[in-house]
Amino acid sequence: MAKLSILIWVILVVTVLFQINLSTAANKGGDVGVYEIKRRDFSIKVTNYGATVLSVMIPDKNGKIDDVVLGFDSVEDYSNDTTYFGALVGRVANRIGNARFTLNGVLYKLSANDGNNTLHGGKNGFSEKIWTVEDHKPDSHITLTYNSPDGQNGFPGDVAVSVTYIFMGTNKLAVKMKANPKSKATPINLASHTYWNLAGQDSGDILSHSIQLLASKITPVDDALIPTGQIVPVSGTAYDFLQPRNIGSKINDLSDGYDINYVLDGTSKKHLNKAAIVHDSKSGRKMELWTNKPGVQFYTSNMVHNVKGKLGFVYQKYAGLCLETQGFPDSVNHPSFPSQIVNPGETYEHIMVYRFTAE
């Protein structure tokens, strides 16, 4: 009987701990779930914690299906993540220098979470919020929403935000982000922070991937990765990917890999423009990216070290690449950059379209 009592006590403790684990995210604003959309052999999984992309499953040239994005096995692991794996980041993605800006004569002081600067919206940004699932059709799309209150992390005004992940045909995935300020003008710059490895998330580094970036200029940065305000050509530098070449071919010319905003050529607010083409010769997988935004942050996971990911695989530096289409970083402090200010009654719209093939 004593052994039975001990067993019952252990079961009760484990049950309580499990419930506490599940309710941790719920206490932040709601229940957390995992949602799949699938079409033939193409599927993605998303959680409403941070509107995060958990997996993207696509076939290689031989029909073998692999997960091509970095991440974790459990949703709980994302709550302790500092890499922003797969997250939807905002209210303002990338960095804001000195965690402050002035708008309409008012100085706004923000949450500093990257030294003296604000990164991806500051502490507890959109990537750490529980989003509401508004619509989910497993063979088509999922739409998630979030309401950002006035003063959140120092940003002005209430903002209603939504993101839709939607299939287009059999091999395209669109990410459609929208935001509407309700009461005050505010900067908005949302970004999808997915880490890609087309050889498979557990295959090692992406240095042998070929990439073409349809951008002839970059916005250079200082030692804290804050733009200087200049826009300079890539010609003759390690940043020049106007013609496709392997990511690792000139990476040693840099101090610490790629982490820079590219100024896309031929950007039009009315049309989508091709931003990048990534190809892994071993698997044959190719990813093409279109957007309506003027910039794309090319990041080679330079700050990823000994991160235990899916299926126990440990990610190291250069384990994945990010292509974060966006407005230019720190635009609120550089009047010469395209404005990110959105007024009440206006709609911020950010579209990305990925096309996957294998050959």
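Everything quoted here is computed from the prediction, not taken from an experiment. (Residues numbered from 1 in each chain as written. Predicted model: local features only at pLDDT ≥ 70, side-chain atom pairs only at ≥ 80, totals over all residues. Heavy atoms only, no water.)

**Considering the sheet that holds strand β20 (residues 259–264)**
- Strand order in the open sheet formed by five strands is β18-β17-β20-β23-β26, and the pairing between neighbours is antiparallel. Two strands close off the open sheet at either side, each with one partner strand: β18 (232–233) and β26 (322–326).
- Summarising the sheet, strand β23 (residues 295–299) and β26 pair through five bridges and their orientation is antiparallel. Paired with Tyr299 across the bridge in β26 is Cys322. (Pairing = 2+ DSSP bridges. Helix = DSSP H or I, 4+ residues; strand = E, 2+ residues; numbered from the N terminus.)

**A closer look at the side chain of Asn292**
- Assignment of secondary structure puts Asn292 in the loop between β22 (285–291) and β23.
- For Asn292, the side chain forms a polar contact with the main-chain oxygen of Glu349, separated by 3.1 Å.
- Only 2.9 Å separates the side chain of Asn292 from the backbone nitrogen of Ile351, close enough to count as a polar contact. (Polar contact = N/O pair within 3.5 Å; in protein donor to acceptor, adjacent residues only side chain to side chain.)

**Remarks on the packing of aromatic side chains**
- All told, the structure shown has 22 aromatic pairs when counted by the stated rule.
- With a centroid separation of 5.0 Å and an interplanar angle of 85°, the aromatic rings of Phe72 and Tyr78 are classed as edge-to-face.
- A connected cluster of aromatic rings, assembled from ring pairs, spans Phe72, Tyr78, Phe85, Tyr195, Tyr299, Phe313 and Tyr315.
- For Arg245, the ring lying beneath its charged end belongs to Phe241, and the centroid distance is 3.8 Å. (Phe/Tyr/Trp six-rings, centres within 6.5 Å; stacked < 30°, edge-to-face > 60°. Lys NZ or Arg CZ within 6 Å of the ring centre and 35° of its normal.)

**Describing the UniProt feature "active site" (unreviewed entry) in the protein**
- Per the UniProt record, "active site" (unreviewed entry) is annotated on His193 and Glu324. The greatest C-alpha distance among the annotated residues, which extend across 132 residues, is 6.1 Å, indicating that they converge on a single site.
- Here His193 shows up in strand β15 (residues 191–193).
- Residues within four places of His193 in sequence aside, it is in contact with Thr83, Tyr84, Phe85, Gly86, Ala87, Val89, His120, Tyr299, Cys322 and Glu324.
- Looking at the element boundaries, Glu324 is found in strand β26.
- For Glu324, the contacting residues outside a window of four places in its chain are His120, Ala191, Ser192, His193, Gly295, Val296, Gln297 and Tyr299. (UniProt positions renumbered as here; feature names shortened; annotations may be inferred. Contact = heavy atoms within 4.5 Å.)

**A short note on the pairing of strand β10 (residues 132–137)**
- Relative to strand β11 (residues 141–148), β10 runs antiparallel, the two being bridged by five bridges. Looking at the pairing, Lys137 lines up with His141 of β11.
- Adjacent in sequence and paired antiparallel, β10 and β11 are bridged by three residues.

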